[in-house]
Structures are given as structure tokens and as C-alpha cells.
Amino acid sequence: MSWLIALLSGAIVIGTAIVPAINQSLFASVGWLIVASILAAICLWKRATILIPVIVIAGLLIGLWRGSVVSSELTVFQHLVGKSVSITGNVTYDPDDGDHGDTDLRLGNLFADTQPISGKVWVSTTVNGQIKRGDIVTVKGKLSDGFGSFPASMYEARVTNVQRPQPGDVARQVRDWFADKVRLAIGEPESSLGLGYLLGQKRALPSDLQQALVLTGLTHVVVASGYNLTILVRLARRLFVKVSKYLATLSASTMILGFMMISGVSPSMSRAGLVSGLSLAAWYYGRKFHPLVLLPLAAALTTLVDPSYAWNDLGWQLSFAAFGGVMILAPLLQAYFFGNKKPGIVRQILGETISANIVTMPILVLAFGQFSNVAIFSNLLVLPFVPLAMLLVFVAGVGALIMPGFATIFGAPAQWLLDYSVWVINYFASLGWAQTTLEIAPIAVATAYAIIIADCLYLWHATKLNLRDSNLVE
């Protein structure tokens, strides 16, 4: 049945993704959902090979229906684009610093001139440092066409009102409060880098260090992502598994929910939390998820919740590509070069990082037209120490909270380790050949992934590795 679920899930994602290219009114009727659900139920009940085309059709219809319903709700933006409008919405994620001294906001739960509308809007404004996640913001300006998963955008918007609900985003407040304690114990820019490791806070980083992280291919360690979450879940499970399996699962589940609340439920975090949660549940009940079942299932569930993820959302695409590298390519490479011996934590981190870089590189080059030549080297030198740095930053924050007068003493170990990380990042970023500019066509991306898939098939044939044994939380 698991492979039928994988086929159904993959078809749902494909059906959702192709909605922008069709007439949405064709599949918006709930009748299509009823028909597709009946077909899927029959296939899962009978479990016959001959019904494989039927379950694929069922998945496509479910995806087409869900995508069409949401897409039809977004047609309101067609009448607003090009007009000056006033939009009110919640700041759903932490604001980002733009390339020209502006602040970029992502607004949800929208009202356009007091009328509720669906979707999300990307907004660029000159207001800086005054707006936080969870605020209710009213902006006014000319609405433009959107990009990625945003149906509309607004540049040089004028902020006319900012409200901070009470109690508001409590998780964000706790995060910011703890970050202030960390800064008492660790100097800058090291404290901001450490908070990026621990909490996924990127905005506080100095602009030169942010650029250095881009050049060295290390941006992923300072944004809320599956990498940070995986470290925390594995740590929690390993700390308590010798006490009881229930306590290990409870602590790891708390880590998942807590980190998602602190960082915000972005497309990449929704995927990371779902994949980690399903993997943890499978481990607790003594079951195993094959990666080729788990990843399509997680993709289908996230696109059913928000179909816009499948409509060219770069973060969502990179997130699944990275997890494909971690859960499929990494264990195959480990088995090919080192046999069946279970890797230590350093070798595991390095193998997963290299694999994730390989699988995400074609998407990154297509999107940005450049790639880092030093990413492998910088990742090899920095990533093995990230789990330790996260622990030391946490200790520094707790120490500063309990004994503020001795904050720098508690923060000294983290300071030293982060000094090393900053030096490595700046050194590799300063190299003249650190980055290459390269523009490629979509056919080149397809060819690259065909080669990666062929390599995976060869590695699987050579090692006979059972990928079902690859569990994200272990």
C-alpha cells in the first residue's frame, strides 16, 4: 500500500503544480474531489497493479481540484494589479532586509480596502526595524504582478498603520528576549551568527557577513530550515532514548513544535516539521518510511494545505531537494564508500551536507545564475561544529539569564568557536574564485537531475542498500 500512497501523493503534487497552465474553472467543482476520492479508495482497497493508472488519475484530479479552488480565489488580484490600493494583513514571517536598504514583508490574512481576500502579498517598504512578525500592518501603494507563490507584490509601499496585538506572537517574543541574553554573553558579529545557528535568525547578521555566507554556500545554517531542526530532533532523541522511548519521542516532538513556532511556519519549515514528525512517529512505532514514500507524502500534504507551494515556491523546492539528498543520496554514498558501518556524527553531517549541496545546486543555479566554488570546503570546516555551537550558544544565553554579571564567562566557549566559524567564512568569501556566474536553461536542470537519478540507481545497485533503513531522526 505504501507505494500506492507514494504514487497518489506524487500525482497530487503534479496536478496542483499544473493548475496555473489550465482553465481553473474546469476542475473547481467539488464533484471532482468526490470522484477522485472514490477512485483512490478503491485502489487502496484492492491494491492491484492494474489499478496503478487509476490511482494516478485520482491523484491528479485531487491536485487539480485543490489548486483550482485556491487559484479561483486569487483572481481578485487580477482586478487590483496596476491600481493604488490599501492592504491590511498579518506579517507572517520575520521581515527581511532588502538589497537597497528597504524592508521586505510577507503579508497574509489580507484585507483590501476593508474587503477580505485570499492569498499572500510581498511588500517592500522603507520602514526599518519597527515591524515584527505577528504585527498587523496597513500599507498603501500600487499593486504589481506577483512572483513565485505570491499572486501580487507592492514596491515602495507606504506604511500607514502598525498594530501589535496582545499578547501577540508569544514565541517570537520569547525568541527575541532570549536573543538579547545571548548578546550579553557573546560579542558581535559572533552572537548574531550563533543565533542564526540556534534560532534561525538571519536578519540581525551584518550585511557583509550575510554576503560572505552566500559566497561560501553556508546560508542554510543561519535560516530556519530542516538542517537546524534535524540537529535538535536528533539531539533530543539521543539524550532521552536510554531513559525511555516515550520520553525521547515527547522531547523530540516538543523540539519540532517549539522550533516551528519560534522560526515561523515558512514553506521550508512546514516541510521540515512534517517530514521530521512522520519520521519520528515511524521510529516510535517501530515502523520504517521509505524516503520515496515519505517525501511525496509530505509534498502532497503541504500542497493540499497551501497549493501555492507548488507554484514556483523556491524555498519549498529547495527544501524537498535537500531532503532528497539527505535521505537518499547521502546513505547511498556512505554505503558505497564505507560499507554498512554506521557513520559517526561528523561523517554523517559531512555526507548529508555534500549530498544536499549536490541535489540543490541545479535549482540554485537556475534561480540565481551563480554557485559557490568553495561551498564544499567551507561546509566541511564549519558544519561539524554547528551542533556544538548551538549547544554552547544556548548555555551562554541561560548563563546570562541566571548570572548576568558572569555572562561573558558563560559565553567564552561559544565566542571562541564562533570566532573560528567567522574566520573560515570570511577567508573563503575573500577568495577571488569563490563564486562562478553561470546561466543555464531548464533543460540543463532536467539533464542534471537525470544524471543524479542515474547515479543513485547505480549506487543502489552496487550497494544493495535498503533505503527503508534511512531514518531522519536517528
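We now turn to the structure provided with this report. (Residues numbered from 1 in each chain as written. Predicted model: local features only at pLDDT ≥ 70, side-chain atom pairs only at ≥ 80, totals over all residues. Heavy atoms only, no water.)

What follows deals with the pattern of salt bridges. Counted by the stated rule, this structure contains nine salt bridges. Here Asp176 makes a salt bridge to Arg172, at a shortest N to O gap of 3.4 Å. In this pair, Asp176 and Arg172 are both assigned in helix α5 (residues 170-185), four residues apart and thus about one turn of the helix distant. Grouping residues by exposure puts Asp176 and Arg172 together as buried. (Salt bridge = Lys/Arg side-chain N within 4 Å of Asp/Glu carboxyl O. Helix = DSSP H or I, 4+ residues; strand = E, 2+ residues; numbered from the N terminus. Buried < 20%, exposed > 50% of the residue type's maximum accessible area, 1.4 Å probe, protein only.)

Let us now look at the pairing of strand β7 (residues 150-163). Pairing analysis gives four bridges linking strand β5 (residues 121-125) to β7, with the strands arranged parallel. Bridge pairing in β7 links Val121 to Ala152. One ladder, built from nine bridges, connects strand β6 (residues 136-147) with β7; its direction is antiparallel. When the sheet's bridge partners are listed, Thr138 is paired in β7 with Asn161. Where β6 folds back onto β7 in an antiparallel hairpin, the turn is made up of two residues, including Gly148, whose phi is positive at roughly 55°. (Pairing = 2+ DSSP bridges.)

What follows concerns the side chain of Arg175. When you line up the elements, Arg175 lands in helix α5. Of the residues examined, Arg175 reaches a relative accessible area of 4% and is grouped as buried. Only 2.6 Å separates the side chain of Arg175 from the side chain of Asp94, close enough to count as a polar contact. Those residues in contact with Arg175 that sit more than four places away from it in its chain are Asp94, Arg133, Leu199, Gln201 and Ile262. (Polar contact = N/O pair within 3.5 Å; in protein donor to acceptor, adjacent residues only side chain to side chain. Contact = heavy atoms within 4.5 Å.)

Moving on to the packing of aromatic side chains. By the definition in use, this model includes 12 aromatic pairs. Through a chain of ring-to-ring contacts, three or more aromatic side chains come together here, namely Trp122, Phe147, Phe150 and Tyr155. Over the face of the ring belonging to Trp45 we find Lys46, whose NZ or CZ atom lies 4.4 Å from the ring centre. Lying across the ring of Trp283, Lys245 places its NZ or CZ 5.2 Å from the centre. (Phe/Tyr/Trp six-rings, centres within 6.5 Å; stacked < 30°, edge-to-face > 60°. Lys NZ or Arg CZ within 6 Å of the ring centre and 35° of its normal.)

Right, let's talk about the pairing of β6 for a bit. Pairing analysis gives seven bridges linking strand β1 (residues 84-91) to β6, with the strands arranged antiparallel. Considered in β6, the bridge of Ser84 is made with Lys142.

Here helix α16 (residues 407-429) spans 31 Å end to end across 23 residues, near enough to the 33 Å set by a 1.5 Å rise per residue. The largest bend along α16 measures about 40° and falls at Pro413. (Expected span 1.5 Å × (residues − 1). Bend = angle between axes of the 7 residues up to and from the residue.)

Attention now goes to the packing of helix α1 (residues 2-17) against helix α11 (residues 291-305). Across the interface, α1 lies against α11 with an axial gap of 8 Å and an inter-helix angle of 40°. With respect to their mutual orientation, α1 and α11 come out oblique. As α1 runs across α11, the sense of the crossing is left-handed. Listed contacts from α11 to Ser2, Trp3, Ile5, Ala6, Ser9, Gly10, Ile12, Val13 and Thr16 of α1 are Leu292, Val293, Pro296, Leu297, Ala299, Ala300, Thr303 and Leu304. Here the residues of the contact of α1 with α11 sort into 12 nonpolar, five polar and no charged. (Axes fitted to C-alpha atoms, helices over the stretch in contact; angles between N-to-C directions. Parallel < 35°, antiparallel > 145°, perpendicular 65-115°, else oblique. Left-handed = near helix turned anticlockwise from the far one by under 90°. Nonpolar A, V, L, I, M, F, W, Y, C, P; charged D, E, K, R; others polar.)

The space that makes up the second largest pocket amounts to roughly 1,100 Å³. Looking at the second largest pocket, it is lined by 30 residues, and the ones nearest its centre are Leu292, Leu295, Gly324, Ile328 and Ile453. Elements with a minimum of two residues in the lining of the second largest pocket: α1, α11, α12 (314-338), α13 (345-368) and α17 (442-463). Examining the composition of the lining of the second largest pocket, we find that nine residues originate from one element, α12, more than from any other. When the residues that make up the lining of the second largest pocket are grouped by side-chain class, the tally is 25 nonpolar, five polar and no charged. (1 Å grid on protein atoms, 1.4 Å probe; cavity = no way out; pocket = protein on both sides within 12 Å on 5 of 7 lines; lining within 4 Å. Points joined across faces, edges and corners; volume = space filled by probe spheres on them.)

Look at α11: 21 Å from first C-alpha to last across 15 residues, which is about the 21 Å you get at 1.5 Å a residue. Counted residue by residue, α11 has 11 buried out of 15 residues, so it is predominantly covered. All buried positions along α11 are accounted for by Pro291, Val293, Leu294, Leu295, Pro296, Leu297, Ala298, Ala299, Ala300, Thr302 and Thr303.

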